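Given next are the chains, with one letter for each unit.
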Amino acid sequence: MSERPVCAFLWLIWLFLTSFLWRCLFAVLWCCQYTPNPNSTLCPTLHDREPQKAVGGEGRVHRVMESTLTARDRVGVQDFVLLENYTSEAAFIENLRRRFGEKLIYTYIGSVLVSVNPYKDLEIYSKAHMERYRGVSFYEISPHIYAVSDNTYRAMRTERRDQCILISGESGAGKTEASKKILQYYATTCPVTDHMSTIRDRLLQSNPVLEAFGNAKTLRNDNSSRFGKYMDVQFDFRGAPIGGHILNYLLEKSRVVHQNHGERNFHIFYQLLEGGEQDQLSKLGLERNAQKYHYLVKVCVCVCGCCPRVSSINDKSDWKTVRKALTVIGFHEEEVEDLLNIIASVLHLGNTQFGEGEDGETQITTEPQLTYLSKMIGPLSFEQAVAARDALAKAVYGRAFTWLVAKINQSLAFKDEVYNSSKGSSSVIGLLDIYGFEVFQHNSFEQFCINYCNEKLQQLFIKLTLKSEQEEYEAEGITWEPVKYFDNKIICDLVEEKHKGFISILDEECLRPGEPSDISFLEKLEDTLGGHAHFVTHKLANGKTRKAVGREEFRLIHYAGEVNYTVNGELANQSVICQSDNQILSQCFNREEVTTQKRPETAATQFKNSLAKLIEILMSKEPSYVRCIKPNDAKQSGRFDEALVRHQVKYLGLMENLRVRRAGFAYRRRYEAFLQRYKSLCPGTWPNWQGRLADGVATLVQHLGYKPEEYKLGKTKIFIRFPKTLFTTEDALEARRPALALTLQTSWRGYRERAKYHRIRNAVIQSAWRGMKSRRKARRRRHAAEIIRKFIKGFIYRHYERCPENEYFLDHQRFSFLMTLVRNPPKSVLDKSWPVPPPSLTEASEHLCRLCMQNMMRAYCRRIQPEWKKQMEQKVVASQIFQDQKDSYPQSVPKLFVASRLGREFNLKVIQTLGNDKVKYGVAVTKYDRRGYKARPRQLLLTSSFAVLVAEAKLKQRIDYAALRSISVSSLTDGFMVLHVPSEDNKQKSDVVLQCDHVIEVVTKLATMADKKNKVNISQDSIKFAVARGKEGVIDFTSGPELKVAKGKKGHLLVTAPQLNPR
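Residues numbered from 1 in each chain as written. Predicted model: local features only at pLDDT ≥ 70, side-chain atom pairs only at ≥ 80, totals over all residues. Heavy atoms only, no water.

Q: Help me out: how do you make sense of the packing of aromatic side chains in this one?
A: All chains considered together, the criterion is met by 28 aromatic pairs. Taking 5.2 Å as the distance between ring centres and 25 degrees as the angle between the ring planes, the aromatic pair formed by Tyr 146 and Tyr 185 counts as stacked. Here Tyr 185 lies in helix α6 (residues 175-189) and Tyr 146 lies in helix α5 (residues 145-159), a separation of 39 residues in the sequence. Taken together through their ring pairs, the aromatic side chains of Tyr 125, Tyr 133, Tyr 146, Tyr 153, Tyr 185, Tyr 186 and Phe 235 make up a single cluster. Note that Arg 264 overlies the ring of Tyr 270, its terminal NZ or CZ placed 4.0 Å from the centroid. (Phe/Tyr/Trp six-rings, centres within 6.5 Å; stacked < 30°, edge-to-face > 60°. Helix = DSSP H or I, 4+ residues; strand = E, 2+ residues; numbered from the N terminus. Lys NZ or Arg CZ within 6 Å of the ring centre and 35° of its normal.)

Q: Explain helix α17 (residues 502-511) here, please?
A: In an α-helix, one turn spans 3.6 residues; hence positions three or four apart end up facing the same way. Counted residue by residue, α17 has seven buried out of 10 residues, so it is predominantly covered. The complete set of buried residues in α17 reads Phe 502, Ile 503, Ser 504, Ile 505, Leu 506, Asp 507 and Glu 509. (Buried < 20%, exposed > 50% of the residue type's maximum accessible area, 1.4 Å probe, protein only.)

Q: How should the sheet that holds strand β22 (residues 946-951) be read in this particular structure?
A: Through backbone hydrogen bonds, the strands of a sheet pair up, either in parallel or in antiparallel fashion. Ordered by their spatial adjacency, eight strands build an open sheet running β23-β22-β21-β20-β26-β25-β24-β27, and the pairing between neighbours is mixed. Each of the sheet's edge strands pairs with one partner strand only, and the pair in question is β23 (954-960) and β27 (1016-1019). Mean inter-strand twist for the sheet, computed between neighbouring axes without regard to direction, equals 30 degrees. (Pairing = 2+ DSSP bridges. Axes fitted to C-alpha atoms, helices over the stretch in contact; angles between N-to-C directions.)

Q: How should I be thinking about the environment of Lys 630 in this particular structure?
A: Mapped onto the elements, Lys 630 comes out in the loop between β16 (622-629) and α23 (642-651). Note on Lys 630: relative accessible area 0%, which makes it buried. On a C-alpha basis, the gap between Lys 630 and Asn 221 in space is 9.8 Å, while along the polypeptide they are 409 residues apart. In contact with Lys 630, other than residues within four places in its own chain, are Tyr 119, Glu 170, Ser 171, Gly 172, Ala 173, Arg 220, Leu 644, Val 645 and Gln 648. (Contact = heavy atoms within 4.5 Å.)

Q: Help me understand the pairing of strand β5 (residues 163-169) in this model?
A: Remember that side chains alternate between the two faces of the sheet whenever the strand is regular. When you tally the buried positions in β5, you get seven out of seven residues, the bulk of the element. Pairing of β5 with strand β12 (residues 427-435) involves seven bridges; the strand directions are parallel. Residue Leu 166 lies in a different strand from β12, and its bridge partner there is Leu 432. Examined bridge by bridge, β5 and β16 share six bridges and lie parallel to one another. Counted as the bridge partner of Ser 168 is Arg 627 from β16.

Q: Looking at this structure, I do not really get the pattern of salt bridges. What am I missing?
A: Two side chains of opposite charge can pair, provided their charged atoms sit close to one another. Using the criterion set out here, one finds 37 salt bridges in the structure. The partner of Lys 456 in a salt bridge is Glu 496, with the nearest N and O atoms 3.1 Å apart. Residue Lys 456 is located in helix α15 (residues 445-476), and its partner Glu 496 is located in helix α16 (residues 489-496); the two are separated by 40 residues in the primary sequence. Each member of the pair, Lys 456 together with Glu 496, is buried. (Salt bridge = Lys/Arg side-chain N within 4 Å of Asp/Glu carboxyl O.)

Q: Help me out: how do you make sense of unusual backbone geometry in this one?
A: Note on backbone geometry: most residues besides glycine have negative phi, and most peptide bonds are trans. Of note, the bond from Trp 686 into Pro 687 is cis; its omega dihedral lies within 30 degrees of zero at 5 degrees. With respect to the helices and strands, Pro 687 occurs in the loop between α25 (671-678) and α26 (693-704). The backbone of Asp 884 shows a phi angle near 65 degrees, a positive value even though the residue is not glycine. Secondary-structure assignment places Asp 884 in the loop between α30 (866-882) and α31 (889-892).

Q: In this structure, what is going on with α30? I would like to understand it.
A: The end-to-end C-alpha distance of α30 is 24 Å, a good match for the 24 Å that 17 residues give at a rise of 1.5 Å each. Among the residues making up α30, those that are buried are Gln 871, Gln 874, Lys 875, Val 877, Ala 878, Ile 881 and Phe 882. All buried residues of α30 project into a common sector of 160 degrees when viewed along the axis, lining one side. Counted as exposed and oriented over 90 degrees from the buried face of α30: Pro 866 and Gln 880. (Expected span 1.5 Å × (residues − 1). Arc of directions from axis to C-beta.)

Q: Explain the environment of Glu 807 to me, please; I cannot follow it from the model alone.
A: Tracing the chain through its elements places Glu 807 in helix α28 (residues 807-823). When the C-alpha atoms of Glu 807 and Lys 790 are compared, they prove to be 8.8 Å apart, with 17 residues separating the residues in sequence.

Q: I would appreciate a short explanation of the pairing of strand β24 (residues 966-970) in the present structure.
A: Where burial is concerned, most of β24 is hidden: five out of the five residues are buried. Every second residue of β24 is oriented toward a common face, with Ser 966, Ser 968 and Ser 970 on one face and Ile 967 and Val 969 on the other, all of them buried. Across four bridges, β24 lies against strand β25 (residues 976-980) in antiparallel orientation. In the sheet register, Ser 968 faces β25, and the bridge partner there is Val 978. The antiparallel hairpin formed by β24 and β25 contains five residues in its connecting segment, where Gly 975 sits at a positive phi of about 85 degrees.

Q: How do you make sense of the packing of α30 against helix α33 (residues 999-1009) when you look at a structure like this?
A: Geometrically, a packed helix pair is captured by the angle between its two axes and the distance between the axes. The geometry of α30 relative to α33 is characterised by a closest axis approach of 10 Å and an angle of 105 degrees between their N-to-C directions. Here α33 runs roughly perpendicular to α30, going by the angle between their axes. Taking contact as the criterion, the partners of Gln 874, Val 877, Ala 878, Ile 881 and Phe 882 in α30 are, on α33, Ile 1000, Val 1003, Thr 1004, Lys 1005, Ala 1007 and Thr 1008. A per-class count over the contact of α30 with α33 returns seven nonpolar, three polar and one charged. (Parallel < 35°, antiparallel > 145°, perpendicular 65-115°, else oblique. Nonpolar A, V, L, I, M, F, W, Y, C, P; charged D, E, K, R; others polar.)

Shown next as structure tokens:
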């Protein structure tokens, strides 16, 4: 088989295989997009299967969110917007129940995440899960707290706008854990340096410290946050965390002095007693027994008779965590000691007991406690220590907590900026973890503040939700339809309106002269707010409602429901402890608070102002929402209490949110995602759509039979109004899949059999190809061996006459010589290099060398210009005369001879005198007289037949070339020359002695014109010349350092000249 047909055949096979493999690869990838993974750890259902690898974007793993629709009957929908009966609260809760039963704790309401506390650890928070959600679009993967975190982070990076995440829900719903997961996600996925690593660690370690001082065990939650927290995390332009700031709201200070049955005080008290070292406890005057402290065992209904220890809480281990966290955050040992002194002082203050004296006066019966108390917080008088114990304890703990938050903020601050999110190139993500709406059997002022806060947040939530919906519609060119919703501004005004609101009435009642009472406050409310539709009291209620409202209660009708509040309260007295030696207390209690004459603000006003600042902060950011739900009160995993969940759904306003979200279009998706999923349902879009995406979606929906009122096409998205339309499309896709699977199986079987056939065929082709290559290789080896054999034998017989044994070697020698000569011939006429020929080519080499040189010489001569030829002829004459004879000759070789050294200095009279004889050369010379050797300047002019000495336009002497006998010069560098003429000729004077700077040039030109090349004499010692008839003169030449001319003793002319080339 020839080589070329085989290559062409293999190339055709390769083209066929690659085209077929690409088609099969596309089919496999498309099928894998919908194939469930039974090994998923997230959820065993179809819609939460493990992500399949797909090509595109950044090469990350994607999961299509809409795949949940295929299993909606079993696990519900993962976006409540897709509920068909979206106005039914029962359908809403049933969807939650189904997903909770499948361990799917997260569900969307549009962009809002609803989280149900599972009360157990789920394997969905690993680093691998963080990477899975990193950089993935919000709806491309199943709902998760990481999806909200990543979407918020990417929005901050791309839009350069501050973001915030609002986490709400009642105690035990998982708000604190949700905020922890968000911080852990940012700490793991954000870029970080050594300095930023410190900030990251402080952000994470601030949680255990705040939980120790602000969290407590309640009936609903073993780690319940008893304060509201807003944390800002600051990021630089690279997206790395560089700082943070925390705002705290409404710490439950009443828990310090009183807890409900089965609840505990704040964690820090038990952690200190359980985990503190014995020496430290002794110094603080404490014992390792929580039952000895009145504030820790004030109420107890446990079987064992004590509540401090809880099986799910390890106070000793938590104490170590808190101590380590305080060090990481940057607390000094002195500050930690002062802080623990305050905690101990609160416990001692709680053990202070009172008794009645003989005269009815009140006396303190536990003086040892006062001793420890005075030691902990500084010297206090007996009267100051007797002041309102519980109010003092709450004030001390509350302000110490505020100082603690401020200290943490100092450690998290970036460049000494405690709260600065608008300067520079940094951006901020805020986390709000605050109480959800609360309704108890007895609701006090604290529940009122909590519900007021939720009322404001609900108002903000509805406004921002409608705003984002309207902006999306306008961006896509869809007509915005106004949405009717309940505006709870009427309730907010009921609470905060100036002069008429609840808080204004409370301030006025608390600060008026005289002794204020709860009943007078209630009467004032009835007089001012009696006609308000959302305010009811026992006196104002009708017969049926009056039974549910007590005489010392009032009812507010919130957006989430009706709540009865009791007006029974107590006036908290702030004790004067500004003079304390404790550094923390001296910072917490300012002396100006006592001496100032300014009217103090009530707690309600302070909370209203701080809430207004919080709303202002949230309005300046782009919000995201996490709504946390507690499935049961028993903290049991897998248990779903519908009544309790319905209560929370109502109080969180989830149904109102869903109704606002569904007022327009229930479903919207980008064209590429929608077309990629459903293109198999239309022959016009399957398998690939080549035109514009909008045209492809329009073709698809027309084929599916969508009615105009069921959808709208925006600029980049399709909007579907009814979930039923989407479900019908999803069902059609589900029915289409068996046919697609059958096509795929058929294609795979065909490919497999064809691949088997091609493997067999390729094996035959490869065998033939390998045989052909082996035979070709063997032929090359045999040929090479024969050549080597001939070469060796020829080398042995190389000195013999030409014979068969040396014939190949001699031919190779001739060939090598000739090729060497061809590749490296002489480059110029001066290049005398020539390769050494073999003996058989010696004569031929000589002929070739001669011919080569002749050829180069002829080529060189043809290239020479006439001027340059004349110059070289003169140089040749000079070389023949002076080479190795005169010292100044080597210096004259590189200097060109010129036509004249006088330029245009010829005198017109001289030219007229010469007549037709043209001057061919002229030079300035010095003539020495024959008698006295006086130097006289002259010009030597050379014509074609004679030479003339000219002085001042007069012809002094003419020397005919025919009369010139010879020319004499010395061998030195003196420049003297003697022109010898016959003394018998009366027309000629005696010999002429001349000196010239260009003696070689002058002598060469004169000898050439006079044809006296052989009449140039070069003398080394002296030159004799004729002075007059019968008389001679002598010029003696000697070597010296410089040129000198002088007259000698014997009448000789002495010339001293430097000798450059001594011989």
